[in-house]
Amino acid sequence: MLSKSPGYERSSPRPSILVVDDVPANLLAMERLLSRIDAEVVTAGSGNQALAECVARDFALVLLDIHMPEMDGYEVAELLRGEEKTQHLPIIFVTASYADEYHRLRGYGAGAVDYLEKPIHPEILLSKVQIFLDLHDSRHRLERALAETERNVQAARDSEARLRHTILDAPIPIMLHAEDGEIILLSRRWAELTGIAADDLTNLSQWRARVVGEDEGGLSRYFSQCYTATSPLERQMEVITAANERLIWDMRSGPVQPLADGRRLAVSMAVDITAAWRARRELEASSLDLKRSNQELETFAYVASHDLREPLRMVNSFLTLLERHMEGKLSEEDRELFHFASEGARRMDRLVLDLLELSRVGHGDMPQGSVDMTIVLMAALDNLAVSIAESGAVIE
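Figured I'd write up the structure that's included with this text. (Residues numbered from 1 in each chain as written. Predicted model: local features only at pLDDT ≥ 70, side-chain atom pairs only at ≥ 80, totals over all residues. Heavy atoms only, no water.)

**Digging into the pattern of salt bridges**
Two side chains with opposite charge may pair up if their charged atoms get near one another. The test is simple: Every case where a carboxyl oxygen of Asp or Glu lies within 4 Å of a side-chain nitrogen of Lys or Arg is listed as a salt bridge. Each helix is a run of DSSP H or I of at least 4 residues and each strand a run of E of at least 2, with the numbering of both proceeding from the N terminus. Each residue is placed in one exposure class: buried if its accessible area under a 1.4 Å probe, protein chains only, is under 20% of its type's maximum, exposed if it is over 50%, and partly exposed if it falls in between.
Using the criterion set out here, one finds 19 salt bridges in the structure. We note a salt bridge from Lys 85 to Asp 58, for which the minimum N-O separation is 3.6 Å. Here the residue Lys 85 occupies a position in the loop between helix H3 (73–81) and strand E4 (91–95), and Asp 58 occupies one in the loop between helix H2 (47–56) and strand E3 (61–65), the gap between them amounting to 27 residues. One salt bridge in this structure joins Asp 289 and Arg 292, with 2.3 Å as the shortest N-O distance. Of this pair, Asp 289 and Arg 292 both sit in helix H9 (residues 274–325), separated by three residues, roughly a single helical turn. For Asp 289, a relative accessible area of 39% translates into the label partly exposed. Its relative accessible area of 42% is what places Arg 292 among the partly exposed residues. Counted as one network, the salt bridges with shared partners bring together Asp 180, Glu 182, Asp 261 and Arg 263.

Structure, rendered in structure tokens:
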């Protein structure tokens, strides 16, 4: 068997060679000679048998005798050239009878790639056969490479179509843009929110000028960095729609696979946070109003407590003077009434002081400590003693 060059590895299945001759001895001799080559040898004893073999299987080469009964080699070659499957099948004519120039030209005209005279020199034949086998293998390699390339191209097209569909129908604004500023694709949601059609936004500069209400330099730097960023870039931006409506978007951008022409590509996705932004602003305004109201309440409580305590002190003082003046003249019931009146004035003064303390809650650290709830309960029952007695309530 002929040796291959170092590193050679056949990429296609074992090739087949068709030997056509009406003399069995010639077929046997040729089969023995070709056994030195890594190929399957198929023999045919007539032109019709050769045509049938070519229909049934694929061959890398045909070694065709010219002088045969019923159908000579020229006719076989012409018929093979007339069929789409075999029109490019290499044919080497092998003959001992037709070695003149006329028959050579006729052989080449019938589609032969070579013309060998008998007796055949084995090394020359084997060398020529090996060349065509290598060409056959190379063609198979090329066909597979082309098929693989076609599959890859189709896969890329399918992937691009899926990506396009995903972006177009995304529920959030998405923009695919190249490093030279070209907007490759805009989601329908982007156009819906801004009121600007995708056909009217083909470049980042157009978009920045028309819908972004912030400084040009800062936004340009943001987009220029997103093509090389190692993690998503985030930015909150103000967007002015075609209807002059103000929107607030939370934008995230990052690089994706480059375009086929080598341009770097990035995708920018936005979340419309306008409603949340407005709610936060309203909450901040409400907080300011509440703070202002608390300050006014504190002022009022301070003034009210001061003004209320003065008459209470006078009531308490006059009750004390009156009790001393009437000392010795009051019955036990009268003294009890004086006590109730004085105690009520003191409780009222305590309530005013508590109101003042309550108005100061939130200003500075409040002292913390344990509280005996029994004392609190007894004070509450004492304050409600009259009401409890009048209503006949039972405290459990």
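What follows continues from the structure just given.
**Quick word on the sheet that holds strand E9 (residues 246–256)**
To keep it simple, the criterion reads: Here, strands pair whenever DSSP counts at least two bridges between them. Working convention: axes come from line fits to C-alpha atoms, limited for helices to the stretch in contact. Angles between N-to-C directions cover 0 to 180 degrees. Pairs of residues are marked as contacts when any of their non-hydrogen atoms sit within 4.5 Å.
As summarised here, the arrangement of the five strands in space is E7-E6-E10-E9-E8, forming an open sheet in which the pairing is antiparallel. A single partner strand is all that each edge strand has here, and the edge strands are strand E7 (183–186) and strand E8 (233–240). This sheet shows a mean twist of 25 degrees between the axes of neighbouring strands, independent of strand direction. Here helix H5 (residues 122–168) sits on the sheet and contacts strand E6 (174–178) and E7; the angle it forms with E7, its principal contact strand, is near 60 degrees.

**Some points on H2**
Which entries qualify depends on this criterion: Starting at the helix axis, one direction is taken to each C-beta atom, and the arc is that of these directions.
Taken residue by residue, H2 has Gly 47, Ala 50, Leu 51 and Cys 54 as its buried positions. For H2, the arc enclosing every buried residue in end-on projection is 100 degrees, short of the 170-degree limit, so these residues lie on one face. Residues of H2 that are buried make contact with strand E1 (16–20), strand E2 (40–44) and H3.

**Here's the deal with the packing of aromatic side chains**
Filter applied, for reference: Between rings of Phe, Tyr and Trp, where Trp is taken as its six-membered ring, a pair exists when centres lie within 6.5 Å; planes separated by under 30 degrees are stacked, by over 60 edge-to-face, and by other angles tilted.
Within this structure, the stated rule accounts for four aromatic pairs. Ring centres of Tyr 74 and Phe 93 lie 5.6 Å apart, and the angle between their planes is 70 degrees; on these two criteria the pair is classed as edge-to-face. Here the residue Tyr 74 occupies a position in helix H3, and Phe 93 occupies one in strand E4, the gap between them amounting to 19 residues. Residue classification places Tyr 74 among the buried residues on the basis of a relative accessible area of 2%.

**A few points about the sheet that holds E4**
Judged by pairing direction, the sheet is parallel, and its five strands sit side by side in the order E2-E1-E3-E4-E5 without closing on themselves. Whereas interior strands pair on both sides, the edge strands pair on one side only; in this sheet they are E2 and strand E5 (114–117). This sheet shows a mean twist of 20 degrees between the axes of neighbouring strands, independent of strand direction. As paired strands, E1 and E3 are joined by four bridges and run parallel to one another. The residue bridging Val 19 from the neighbouring strand is Leu 63, located in E3. Sheet strands touched by H5: E1, E3, E4 and E5. Its angle to E3, the strand with the most contacts, is close to 140 degrees.

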